[in-house]
Amino acid sequence: WRCRHIPCGEPPLPILGHALTLMKGNVFRTFMDWSRKHGDLVRFHAFGTVYILCNNTTDAKRVLGTNMNSYKKDPSTYSVFSCLLGNGLITSEG
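Residues numbered from 1 in each chain as written. Predicted model: local features only at pLDDT ≥ 70, side-chain atom pairs only at ≥ 80, totals over all residues. Heavy atoms only, no water.

A word on the overall build of the chain
Now for step 1: In terms of regular secondary structure, the chain is built from 4 helices and 2 strands.
Now for step 2: Traced from its N-terminal end to its C-terminal end, the chain shows the element sequence α-α-β-β-α-α.
Now for step 3: The long-range share in the chain, meaning contacts at least 24 apart out of those at least 6 apart in sequence, stands at 47%.
Now for step 4: Summed over its atoms, the accessible surface of the chain is roughly 6,600 Å², and 59% of this surface lies on carbon and sulfur atoms. (Helix = DSSP H or I, 4+ residues; strand = E, 2+ residues; numbered from the N terminus. Contact = heavy atoms within 4.5 Å. Areas by Shrake-Rupley, 256 points an atom, 1.4 Å probe, with all protein chains shown as cover.)

This is the structure:
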């Protein structure tokens, strides 16, 4: 796990990870709470997949623009969050 050094939002449940936490409330508020508590990078899990929440412009620019080929996006991942993310910058490749 190359991202174990990134703090986790809260202890994840087996298999579900943080999915129940994200589904039961305001996702953006949860992300902001985790960022305030743990910093600009927060790790969370859902259904066996690890996600990294990036909450600062410098890191976001690196992931989405400068160094985008190092961060591949899994299309099946975005289908889970499509109701929140839509079809825009976050879900596009290249």
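Some thoughts on the pattern of salt bridges
Now for step 1: The tally for this structure, following the rule as stated, stands at 1 salt bridge.
Now for step 2: Linking Asp-33 and Arg-36 is a salt bridge whose minimum nitrogen-to-oxygen distance equals 2.7 Å. Placement of both Asp-33 and Arg-36 in helix 2 (residues 27-38) is noted, with a separation of 3 residues, approximately one turn of the helix. (Salt bridge = Lys/Arg side-chain N within 4 Å of Asp/Glu carboxyl O.)

Regarding the pairing of strand 1 (residues 41-46)
Now for step 1: With respect to burial, strand 1 is a largely interior element, 5 of its 6 residues being buried.
Now for step 2: Here strand 1 pairs with strand 2 (residues 49-54) via 6 bridges, running antiparallel. Within strand 2, the residue paired with Ala-46 across the bridge is Thr-49.
Now for step 3: The loop that links strand 1 with its antiparallel partner strand 2 comprises 2 residues; one of these, Phe-47, has a positive phi angle of about 55 degrees. (Buried < 20%, exposed > 50% of the residue type's maximum accessible area, 1.4 Å probe, protein only. Pairing = 2+ DSSP bridges.)

Observations regarding unusual backbone geometry
Now for step 1: Although it is not a glycine, Ile-15 adopts a positive phi angle of roughly 65 degrees.
Now for step 2: Along the chain, Ile-15 turns up in the segment before helix 1 (19-24).
Now for step 3: Unlike most non-glycine residues, Phe-47 shows phi in positive territory, near 55 degrees.

With respect to the nonpolar core
Now for step 1: Counting residues in hydrophobic clusters, the biggest one holds 10 residues: Ala-19, Leu-22, Val-27, Phe-31, Trp-34, Val-42, Phe-44, Ala-46, Tyr-51 and Leu-53.
Now for step 2: Sequence-distant contacts of Leu-53, that is, excluding residues within four places in its chain, are made with Phe-31, Ser-35, Asp-40, Leu-41, Val-42 and Phe-44. (Core = buried A, V, L, I, M, F, W, Y, C linked by side-chain atoms within 4.5 Å.)

Considering a nonpolar patch on the surface
Now for step 1: Taken together, Leu-13, Leu-20 and Met-23 make up a surface patch of nonpolar side chains, about 300 Å² in accessible area.
Now for step 2: Residue placement: Leu-20 occurs in helix 1. (Patch = residues over 30% accessible without salt bridge, like charges linked within 9 Å, V, L, I, M, F, W, Y side chains within 5 Å.)

Some remarks on the packing of aromatic side chains
Now for step 1: Counted according to the given criterion, the structure contains 4 aromatic pairs.
Now for step 2: Aromatic pair Phe-31 and Phe-44: ring centres 5.2 Å apart, planes at 40 degrees, arrangement tilted. Of this pair, Phe-31 sits in helix 2 while Phe-44 sits in strand 1, and the two are 13 residues apart along the sequence. Here Phe-31 and Phe-44 have matching classes, each one buried.
Now for step 3: Residues Phe-44 and Tyr-51 carry aromatic rings whose centres are separated by 5.3 Å and whose planes lie at 20 degrees to one another, so their mutual orientation is stacked.
Now for step 4: Under the relative-accessibility criterion, Tyr-51 is labelled buried at 13%. (Phe/Tyr/Trp six-rings, centres within 6.5 Å; stacked < 30°, edge-to-face > 60°.)

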